[in-house]
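Given next are the chains, with one letter for each unit.
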Amino acid sequence: MLSRRKFLGAAGGVAGATAVGGGAWAALIRDSVEESASTPTSTTARPATTTTSTTTQPPTTSLPVGNRVLVLVQMAGGNDGLNTLIPASGLYRDARPTLAIPESELVELGDTDFSLHPSLAPLSRWWNLGSLAAVDGVGIPLQSRSHFKSMDTWWSGVAEAVSTTGWLGRWLDATLTGDPDPLRAIALGGGAPALIGEQSLATVIRSPQAFQLQTTPGTDSEALIQAFLSTASPLNADPYLALAQQAIPTTVESVELLSQVFSDSSDDTSDAGRGPEVLFRSAARIIDLGLGTQVITIGLDGYDTHADQLSRQSNLLEDLSAGIAAFMEQIEVDGHADEVTLMTTSEFGRRVVENGSGGTDHGQGGVQFVMGPSVNGRAVHGDLDLTDLADGDVRTTVDERSIYAEVLDWLGGPTDDILDGAYERIGVLAA
Amino acid sequence: MDTRSEVAWLARRAGWGLAPGELDDLTAQGTTSVLEGMISPDLNGVSASVSPWAEFVVVEDKENPGAQGLEALSLWLEHLAVTQRPFEDALGWFWHDHFAVSASVVKDLPTMIRHLDLLRTESMGNFRELIRKVTVDAAMLVFLDGATSTGTSPNENYGRELQELYTLGIGNYTEQDVRAAAIALTGYVVRRRDGWNVQYIPNRHDDTPQTFLGVQGVHDVDTVVDAALDHPAVPGFIAAKMARFFLGDVSSDVIDDLADLFSAESLEIRPMARAILEAGVAGESSPIVLAPLPWLIQAVKATGAVIEPERAVTILRHMGQQPGQPPNVAGYPGAAAWLSSSTTALRFSASGVLAARTPENAPTLQAAAESRWDDLADLLVRPEGFSQSTIDALSELSQPVGLRPGESRLALALASPDLLIA
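Nothing here was measured: the structure is a model prediction, and the numbers come from that model. (Residues numbered from 1 in each chain as written. Chains lettered and ligands numbered in written order. Predicted model: local features only at pLDDT ≥ 70, side-chain atom pairs only at ≥ 80, totals over all residues.)

**Notes on the overall build of chain B**
So the rule is basically this: Comment: elements are numbered from the N terminus, with helices defined as DSSP H or I runs of at least four residues and strands as E runs of at least two. We call two residues in contact when the distance between their C-beta atoms, placed using the backbone, is within 7 Å.
Within chain B one finds 24 helices and 4 strands. Overall, chain B is about 75 × 55 × 40 Å in size when its C-alpha atoms are taken along their principal axes. Residue pairs at least 24 apart in sequence account for 69% of intrachain contacts in chain B once pairs closer than 6 positions are excluded.

Written as structure tokens, this is what we have:
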């Protein structure tokens with residue numbers, strides 16, 4: 001076993017150059033995005049109403065801000081909000097002759113006008129505890145029905161211009177002290193552009209089970225890994241070769257430190273269910289390891305349900321709720337429940353009216369969930385009005401950046417600098 | 001660049017690497033001849049185009065449903081390692097990345113194979129005809145829901161991506177254009193119980209004339225494809241995508257020239273492809289980060305490593321690039337993903353496996369054992385040699401007694417930053 005300090009030492013010459021590397025990295029990600037002629041403007045989100053079913057207020061945590069962890073669950077493809085958080089409205093059933101969830105299967109949410117999709121039943125425990133809230137009609141003005149344009153808007157938090165950095169990457173930059181630590185932000189299940197900063201680094205772990213540096217029998221593993229590190233320094237003058245070099249020490253360090261997450265046999269993860277659950281269980285272990293990780297993203301996909309939506313979304317939401325439940329139970333057992341806020345996002349909601357393929361096409365306003373100790377739970381925030389649609393879509397009544405603002409406040413800010421504007425706080429999290 | 005570097009560039013960037021000895025042969029042949037052989041294999045005496053799946057027989061195996069998919073994938077990987085028409089296969093791969101049809105959605109092997117064969121055989125034909133064929137291809141009709149889109153309930157999935165991802169790029173169409181295309185393209189079904197054949201059913205089609213991209217009277221596949229492909233954004237959009245794929249970060253002047261050529265040649269792909277390769281050997285390109293598939297195939301060719309198909313597919317899946325299964329409709333991710341911790345760790349682990357499977361008499365293994373670093377780099381299609389940091393790391397790496405001489409060093413060379421950059 002190599003110590004963390006040894007790896008940091010080996011990486012020392014490289015870490016100092018990451019300001020350049022981070023920018024070039026961001027440029028690589030952005031190279032396919034066309035220029036936009038519009039200029040950034042500071043905006044204030046429009047007011048949004050709050051539909052609160054109860055006045056239950058969980059105690060506000062007094063935990064030091066620096067120990068807090070945000071878990072961002074990204075449901076790629078555009079989750080259908082109307083079949084996730086289901087309104088008690090005849091208009092919903094009229095628009096969804098084959099896709100409406102039968103009333104007998106709904107999971108009721110207290111005395112709100114909404115119910116959960118049956119696959120989300122495991123989440124009702126946290127609803128009842130007051131640590132789960134839903135937000136309806138959420139979106140970002142100027143987002144598009146294009147997956148990629150809309151995702152760009154969501155991960156950057158910038159609607160009016162092209163941004164090379166993500167909203168969480170800018171927070172990581174703003175709160176950076178010393179050399180960038182790639183373990184402050186970990187992307188599970190695939191890369192997360194929201195984490196791209198100018199200086200900060202993130203660790204991407206696509207498959208937790210395969211995140212190892214394996215050598216074949218007979219190899220002097222330590223010598224080969226040290227030689228691998230040696231190929232990374234000094235940095236080559238060719239910027240492309242330098243990028244390839246920079247990935248090596250951060251990888252070696254991350255694998256070494258996280259090997260405990262994925263190899264600890266005291267709690268068997270080999271039977272941890274389908275793919276998503278492994279990611280959620282890995283997130284809980286990373287938090288328990290105490291490596292200074294402050295942001296974890298979990299990448300899920302498949303939510304683009306243009307066809308066969310009933311069965312596909314049912315399976316997806318079942319995986320999601322099983323993963324979230326496993327995660328929440330684990331952090332409760334480990335004593336970290338008061339340190340963690342979890343939120344889901346998806347790049348848009350879907351059309352109100354179903355299409356002819358047993359699915360729904362791309363729409364606008366969507367649904368998200370927020371969970372954690374500071375959440376004003378047992379409540380549906382935002383507004384849904386099926387008599388007032390925007391071009392056949394759920395109207396965006398909550399600017400997602402209001403939610404970003406509340407989460408960034410909880411993480412300690414500086415929120416308005418990061419979002420380049422003072423977005424209204426609508427009270428999803430206790431101030 | 002000298003001739004050796006020029007043909008090495010072609011082999012790394014527009015081909016699938018080289019086996020030992022081939023770089024000598026190509027250098028003797030000369031850059032122009034090599035380039036022409038890649039661009040116009042039929043006119044240059046190269047053996048005829050053969051499908052990777054020419055010998056593939058579909059067998060129902062309910063006990064082991066994944067076995068056939070694995071066999072199809074391994075045939076593809078083997079084909080790429082020995083193809084005599086490397087650029088045709090490289091462009092076929094480019095179009096697979098462009099259209100991004102996934103077997104995880106299509107779920108019928110023969111249909112997926114027909115789709116991939118279409119992309120390969122049409123890879124240097126006319127782009128308008130390619131789009132026309134892909135639009136009514138069974139795999140695409142299933143992938144983006146055209147097969148369930150009807151006049152009474154049009155599905156917008158293909159109508160949108162046809163414009164956003166396949167021909168125009170975002171900003172060149174409106175939501176109204178998405179709807180108009182969706183309506184005009186209705187009426188096709190895929191007969192799953194009849195060999196997944198495509199059938200047009202008039203009473204599922206809405207023939208109402210639409211205004212699409214400013215063109216009136218658009219009502220069917222031909223009029224949709226023509227209106228889209230007549231749009232002035234097409235040449236620049238496709239030229240930029242293809243140029244960046246093969247040339248990396250190139251100037252907008254290069255892309256503009258390619259777009260003008262593509263337009264002047266009525267969207268024929270071959271002349272533009274030739275111009276791209278000519279620009280590359282003329283030095284008008286930047287380095288690129290190799291994606292996992294070309295990295296793996298190039299390593300296998302250079303070393304002669306014998307690796308089970310299951311293992312190769314597992315490696316590619318964990319590195320984030322399983323052939324036939326792009327992660328989403330935008331295709332495989334780009335350079336940042338291939339520089340990620342996940343892919344880097346897998347590259348290291350896979351390099352060890354490849355070195356261990358390299359035959360005893362392989363020139364790469366011998367060069368590594370004898371510390372002939374320039375020879376090793378040349379065998380790995382880097383005639384310019386390794387970077388100094390990689391040479392230093394190779395030189396300092398001891399050779400453990402439990403392994404064949406050169407094995408650890410070959411593993412390190414394959415995992416090195418030098419091999420990731422092409």
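Once you've had a look at it, read on.
**Things to note about the overall build of chain A**
For clarity, the cut-off: Partly exposed residues are those whose C-beta has more than 12 but fewer than 20 other C-beta atoms within 10 Å; with 20 or more the residue is buried, with 12 or fewer it is exposed, and the C-beta atoms are placed from the backbone.
Along its length, chain A carries 12 helices and 13 strands. Looking at chain A as a whole, 57% of its 431 residues are labelled buried. For chain A, long-range pairs separated by at least 24 residues make up 76% of all intrachain contacts whose partners lie at least 6 apart in sequence.

**Section: helix α16 (residues 292-303) of chain B**
All names here are of chain B. Condition: Any helix carries an expected span of 1.5 Å times its number of residues minus one.
With 12 residues, α16 ought to run about 16 Å at 1.5 Å a step, and its terminal C-alpha atoms sit 16 Å apart, in line with that. A large share of α16 lies buried, amounting to 12 of its 12 residues. Taken as a whole, α16 has its buried residues at Pro292, Leu293, Pro294, Trp295, Leu296, Ile297, Gln298, Ala299, Val300, Lys301, Ala302 and Thr303. Two residues or fewer after α16 comes Gly304, characterised by a positive phi angle close to 70°.

**Re the interface of chain A and chain B**
Reports often express the size of an interface as the amount of accessible area lost when the parts come together. Going by this rule: Gly is put with the polar residues, along with every residue not named as nonpolar or charged; the nonpolar set is Ala, Val, Leu, Ile, Met, Phe, Trp, Tyr, Cys and Pro, and the charged set is Asp, Glu, Lys and Arg.
The interface is formed by 55 residues belonging to chain A together with 59 residues belonging to chain B. Of all the secondary-structure elements, those providing two or more residues to the side of chain A that touches chain B are α2 (18-30), α5 (147-156), β8 (203-205), α7 (221-230) and α8 (239-263) of chain A. At 11 residues, the largest contribution of residues to the side of chain A that touches chain B is made by α8 of chain A. In terms of residue class, the side of chain A that touches chain B is made up of 23 nonpolar, 23 polar and 9 charged.

**Things to note about the domain arrangement of chain B**
Worth spelling out the cut-off: All the domain ranges listed were derived from an automatic or database domain assignment.
What the domain assignment lists for chain B is domain 1 (233-281) and domain 2 (292-420). Between the C-alpha centres of domain 1 of chain B and domain 2 of chain B there is a distance of 31 Å.

**Structural notes on the sheet that holds strand β5 (residues 114-116) of chain A**
Residue and element names in this part refer to chain A. Quick reminder of the rule: Here, a strand pair is defined by DSSP locating no fewer than two bridges between the strands.
Here we have 3 strands laid out as an open sheet, ordered β3-β5-β4, and antiparallel in their pairing. The strands lining the two open edges of the sheet, one partner per strand, are β3 (85-87) and β4 (107-108). Pairing between β4 and β5: 2 bridges, direction antiparallel. Paired with Val107 across the strands is Leu116, a residue of β5.

**Structural notes on the pairing of strand β2 (residues 197-200) of chain B**
Residues and elements named next belong to chain B. Two elements, strand β1 (residues 188-191) and β2, share 4 bridges in a ladder whose sense is antiparallel. The residue of β2 that forms the bridge with Val190 is Val198. The turn joining β1 and β2, which pair antiparallel and follow one another in sequence, is formed by 5 residues; a positive phi near 65° is taken by Gly195.

**As for the nonpolar core**
Which entries qualify depends on this criterion: Joined through C-beta atoms within 7 Å, a set of buried Ala, Val, Leu, Ile, Met, Phe, Trp, Tyr and Cys residues constitutes a nonpolar core.
Among the nonpolar cores identified, the biggest contains 261 residues, and Val71, Phe228 and Ala283 of chain A together with Leu10, Ala239, Val289 and Leu412 of chain B are the most heavily contacted of them. For this core, the leading source of residues is α8 of chain A, giving 12 residues. Formed jointly, this core draws a minimum of three residues from each of two domains, domain 1 (233-281) and domain 2 (292-420) of chain B. Excluding anything up to four places from it in sequence, Ala283 of chain A contacts Val71, Leu188, Ile296, Ile298 and Phe327 of chain A.

**Some thoughts on the pairing of strand β10 (residues 340-345) of chain A**
Regular strands have side chains that alternate between both faces of the sheet. All names here are of chain A. Of all 6 residues in β10, 6 are buried; the element is thus mostly enclosed. Along β10, one buried face is formed by Val340, Leu342 and Thr344 and the opposite face, lined by Thr341, Met343 and Thr345, is buried too. Relative to β10, strand β2 (residues 69-75) runs parallel, the two being bridged by 6 bridges. Each residue of the ladder has a partner; that of Val73, found in β10, is Thr344.

**Here's the deal with the confidence of the model for chain B**
For clarity, the cut-off: Predictor confidence is given residue by residue as pLDDT, running from a minimum of 0 to a maximum of 100.
Looking at chain B, pLDDT values average 95 and 99% of them are 70 or higher. Our summary of model confidence lists the complex with pTM equal to 0.81 and ipTM equal to 0.94.

**Notes on the packing of helix α13 (residues 233-247) of chain B against helix α14 (residues 252-264) of chain B**
Residues and elements named next belong to chain B. Going by this rule: To define axes, lines are fitted to C-alpha atoms, for helices over the stretch in contact only, and angles between the resulting N-to-C directions are given on a 0 to 180 degree scale. Orientation is classified from the angle alone, with under 35 degrees giving roughly parallel, over 145 giving roughly antiparallel, 65 to 115 giving roughly perpendicular, and any other angle giving oblique. A clockwise turn of the near helix away from the far one marks a right-handed crossing, whereas an anticlockwise turn of less than a right angle marks a left-handed crossing.
Running from N to C, α13 and α14 point in directions that differ by 125°, and their axes come no closer than 8 Å. Judged by the angle between their axes, α13 and α14 are oblique. Considering how the two elements wind past one another, α13 and α14 form a crossing that is right-handed. Between α13 and α14, the contacting residues are Pro235, Gly236, Ile238, Ala239, Ala240 and Ala243 on the first element and Val254, Ile255, Leu258, Ala259, Phe262 and Ser263 on the second. The class makeup of the residues in the contact of α13 with α14 is 10 nonpolar, 2 polar and no charged.

**What to know about the environment of Leu346 of chain B**
Along the chain, Leu346 of chain B turns up in helix α19 (residues 341-356). Overall, the presence of 27 C-beta atoms within 10 Å leaves Leu346 of chain B in the buried class. Aside from chain neighbours lying at most four places away, what touches Leu346 of chain B is Ala210 of chain A together with Ile315, His318 and Met319 of chain B.

**Examining unusual backbone geometry**
When glycine is set aside, most residues are seen to have a negative phi, and most peptide bonds are trans. Look at the link from Ser233 of chain A to Pro234 of chain A: it is a cis peptide, with omega at 0°. Mapped onto the elements, Pro234 of chain A comes out in the loop between α7 and α8. The residue after Gly413 of chain A, namely Pro414 of chain A, is reached through a cis peptide bond having omega 5°. Structurally, Pro414 of chain A is set in the loop between α11 (400-411) and α12 (415-419). Phi at Asp308 of chain A is positive, roughly 50°, even though this residue is not glycine. Residue placement: Asp308 of chain A occurs in the loop between β9 (295-300) and α10 (309-334). The backbone phi angle of Leu267 of chain B is positive, close to 65°, even though this residue is not glycine. Of note, Leu267 of chain B is situated in the loop between α14 and α15 (269-281).

**Regarding the environment of Asp288 of chain A**
All names here are of chain A. Turning to its location among the elements, Asp288 is positioned in helix α9 (residues 275-289). The sequence separation of Asp288 and Ile331 amounts to 43 residues, and the corresponding C-alpha distance is 7.7 Å. Residues contacting Asp288, with those up to four places away along its chain left out, are Asp334 and His336.

**As for helix α22 (residues 388-396) of chain B**
Residues of α22 of chain B that are buried: Ser389, Thr390, Ile391, Ala393 and Leu394 of chain B. Looking at the packing, one finds that the buried side of α22 of chain B touches α7 of chain A together with α21 (373-379), α23 (407-415) and α24 (417-420) of chain B.

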